[in-house]
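# A closer look at the structure
As a plain string of letters, each chain reads:
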Amino acid sequence: MGGLLKRKTTSSSSPPFLAFFFLIFLERSASVALELDHSKYSQVSNLRLERIQKHLDKINKPAVMTIQSPDGDIIDCIHKRKQPALDHPLLKSHKIQKVPPEMPKVKTVKAEEVKRDYYNATSSNKEERAVISSRSAWQIWHQNKTRCPMGTVPIRRSTVHDVLRAKSLYHFGKKQSRMGLARRTDAPDVVSGNGHEHAIAYTGTSQEVYGARATINVWDPSIQVANEFSLSQVWILSGSFDGSDLNSIEAGWQVSPELYGDSRPRLFTYWTSDSYQATGCYNLLCSGFVQTNSKIAIGAAISPVSLVSGNQFDITILIWKDPKLGNWWMGFGDNTLVGYWPSELFTHLAGHATMVEWGGEVVNSRTNGAHTSTQMGSGHFAEDGFGKASYFRNLELVDSDNSLTTVQDISTLAENTNCYNIKSSYNNEWGTHFYFGGPGNNPRCP
């Protein structure tokens, strides 16, 4: 059907309506990529449905216009001043930043020339010649040529199905808490023993950091079970890594059947100011992140994706602290401003970050007692290199002078290199970079 899609309000539901509703739900669940089983959600009480609908009415704001994406997503164009961010108690008097933030400067001419001339280079280096610019990796909902009007922001609509896939309404849109788990002090956000596995590069904890940038190629890794995910992201961190006040700002791409209901890679963000306990969420699933861009929908699918031995499609993520107003901004692709995390949301990050991490993360739920076969990155190990392995290239930090500089020294870590690994390097074109990933379950990773 064409035209605007109207949202239904909560009402008392009759048993025939519920039977029909869940018949439709089960039919749609059966079509989810990877044929992941969601049938356990078929018995839901009226009370739970009412609570879910009340929450959805809170985060799904009235739309000026609605766009049906070819992949099934519904994108609502919401007036900027009506977006969920401003419901946050700390943002009740917040004025949306209208003055563009001060973009980070490239510190050296040589580095700037590398950025400008990268895709026009005539070098025989296959990495230079084969990469497609991040502008080629865009979003599926743009394919029907419809755009949100000026003054609005595109927000992916959340549905009852989305919430039912979560462990509970409280857990919807949230990462699990990192508290009470063994951790390495030199890589503080890497947690062993909680089912999460990583392959990351990271900076030391002694410096003041005001942002980071990197370019990441996009893949569609296979996910074994619905409650697992695979992501590639940047973490901006500060606070007590073994306490309850860790502040984190995160962005990248992610495949999460539980969160999105399919196996497509999607642009995502996350934030927390209390070690993933009560604050923060993915994307715009709670109040906090203020979106300013009318063309990019956080949580929407990215297309096209990289192919083994084929074209490599990547995205560039920039997160930095505006030196004038102090908000943490996000840039996507060719310095396109997406929006910002207001400084009021944070404690430690209200000042600066102390660590940056780049890399991959998966959930290993050990179904049937075996290591998951959920892939990280492309599913290839780091040593397979360009065209097969996933990469982060041109790692940069923003310093106190609001200047971008190439990362000089990074450490790397992977908990189980037989399952997923990482190898870093440096060259003039890609600066500091690394390959990472793996297939998960294999003869050396039982």
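Residues numbered from 1 in each chain as written. Predicted model: local features only at pLDDT ≥ 70, side-chain atom pairs only at ≥ 80, totals over all residues. Heavy atoms only, no water.

## Regarding the pairing of strand E19 (residues 403–406)
Sheet topology places strand E3 (residues 105–106) next to E19; 2 bridges connect them, and they run parallel. Each bridged residue has a counterpart across the sheet, and for lysine 105 the counterpart in E19 is serine 403. Two strands pair when backbone bridges link them, and strand E18 (residues 390–398) and E19 are joined in this way by 3 bridges, in the antiparallel orientation. Of the residues in E19, the one forming a bridge with leucine 397 is threonine 405. (Pairing = 2+ DSSP bridges. Helix = DSSP H or I, 4+ residues; strand = E, 2+ residues; numbered from the N terminus.)

## Section: the pattern of salt bridges
In this structure the tally under the stated criterion is 12 salt bridges. Ionic pairing is found between aspartate 73 and arginine 266, a salt bridge with its closest N-O pair at 2.7 Å. Taken as a pair, aspartate 73 in the loop between strand E1 (65–68) and strand E2 (74–79) and arginine 266 in strand E11 (residues 266–272) lie far apart in primary sequence, 193 residues in all. Judged by its relative accessible area of 0%, arginine 266 falls in the buried class. For arginine 165, the salt bridge identified is with aspartate 162, shortest N-O distance 2.4 Å. (Salt bridge = Lys/Arg side-chain N within 4 Å of Asp/Glu carboxyl O. Buried < 20%, exposed > 50% of the residue type's maximum accessible area, 1.4 Å probe, protein only.)

## Here we look at the sheet that holds strand E17 (residues 355–363)
The antiparallel open sheet is built from 6 strands, whose spatial order is E11-E10-E9-E17-E7-E20. Taken across any chain shown, the strands that pair with only one partner, and hence form the sheet edges, are E11 and strand E20 (411–414). Adjacent strand axes in the sheet meet at a mean angle of 20 degrees when their direction is disregarded. Here 8 bridges tie strand E9 (residues 230–238) to E17, and the two strands are oriented antiparallel to one another. Bridge pairing links glutamine 233 to glycine 359 in E17. (Axes fitted to C-alpha atoms, helices over the stretch in contact; angles between N-to-C directions.)

## A few points about the nonpolar core
In this structure, Ile236, Ile317, Trp328, Trp341, Trp358 and Phe392 are the most contacted members of the largest nonpolar core, which totals 55 residues. Ranked by residue count, the leading element in this core is strand E10 (residues 247–255), at 4 residues. In this structure, Tyr202, Leu231, Trp235 and Tyr276 belong to the second largest nonpolar core, which totals 29 residues. (Core = buried A, V, L, I, M, F, W, Y, C linked by side-chain atoms within 4.5 Å.)

## Some words on the state of the cysteines
Applying the stated rule across the entire model yields 3 disulfides. In this model cysteine 77 forms its disulfide with cysteine 148; the gap between the sulfur atoms is 2.1 Å. On the S-S bond that ties cysteine 77 to cysteine 148, the torsion sits near -80 degrees, and the link is left-handed. Of this pair, cysteine 77 sits in strand E2 while cysteine 148 sits in the loop between strand E5 (138–139) and strand E6 (152–156), and the two are 71 residues apart along the sequence. Cysteine 77 sits in the buried class, given a relative accessible area of 0%. A residue is classified by how much of its surface remains accessible, and cysteine 148, at 7% relative accessible area, is buried. With its sulfur 1.9 Å from that of its partner, cysteine 419 forms a disulfide with cysteine 445. Taking the torsion about the sulfur-sulfur bond, which here is approximately 95 degrees, the covalent link between cysteine 419 and cysteine 445 counts as right-handed. With cysteine 419 in the loop between E20 and strand E21 (421–427) and cysteine 445 in the segment after strand E22 (431–437), the pair connects residues that are 26 residues apart, well separated along the chain. (Disulfide = S-S within 2.5 Å.)

## Observations regarding unusual backbone geometry
That bond from serine 303 to proline 304 is cis: its omega, -5 degrees, falls within 30 degrees of zero. One can find proline 304 in the loop between strand E13 (302–303) and strand E14 (312–321). Even without glycine at this site, lysine 145 takes up a positive phi of about 70 degrees. With phi around 60 degrees, asparagine 402 is a residue other than glycine that occupies positive phi space. Locating asparagine 402 in the fold gives a position in the loop between E18 and E19.

## Some points on the sheet that holds E2
With antiparallel pairing, 3 strands are arranged side by side in an open sheet as E1-E2-E6. Either end of the sheet is taken by a strand with one partner, and the two such strands are E1 and E6. Ignoring which end each strand starts from, the neighbouring axes of this sheet average 25 degrees apart. The sheet contact formed by E1 and E2 spans 4 bridges and is antiparallel. By the bridge assignment for E2, methionine 65 is matched with cysteine 77.

## Details of the packing of aromatic side chains
Overall, the coordinates contain 15 aromatic pairs when judged by the stated rule. Relative to tyrosine 282, the ring of tyrosine 270 has its centre 4.8 Å away and its plane inclined at 80 degrees; by these criteria the two rings are edge-to-face. With tyrosine 270 in strand E11 and tyrosine 282 in the loop between E11 and strand E12 (290–291), this residue pair connects regions lying 12 residues apart in the sequence. Taken as a pair, tyrosine 270 and tyrosine 282 share a single burial class, namely buried. Residues tryptophan 329 and tyrosine 340 carry aromatic rings whose centres are separated by 4.8 Å and whose planes lie at 40 degrees to one another, so their mutual orientation is tilted. In this pair, tryptophan 329 sits in strand E15 (residues 328–332) while tyrosine 340 sits in strand E16 (residues 336–341), placing the two residues 11 residues apart along the sequence. Of the two residues, tryptophan 329 and tyrosine 340, both sit in the buried class. Pairwise contacts between aromatic rings join Phe268, Tyr270, Tyr276 and Tyr282 into one cluster. Sitting above the plane of the tyrosine 170 ring, lysine 174 keeps its charged end 4.1 Å from the centroid. (Phe/Tyr/Trp six-rings, centres within 6.5 Å; stacked < 30°, edge-to-face > 60°. Lys NZ or Arg CZ within 6 Å of the ring centre and 35° of its normal.)

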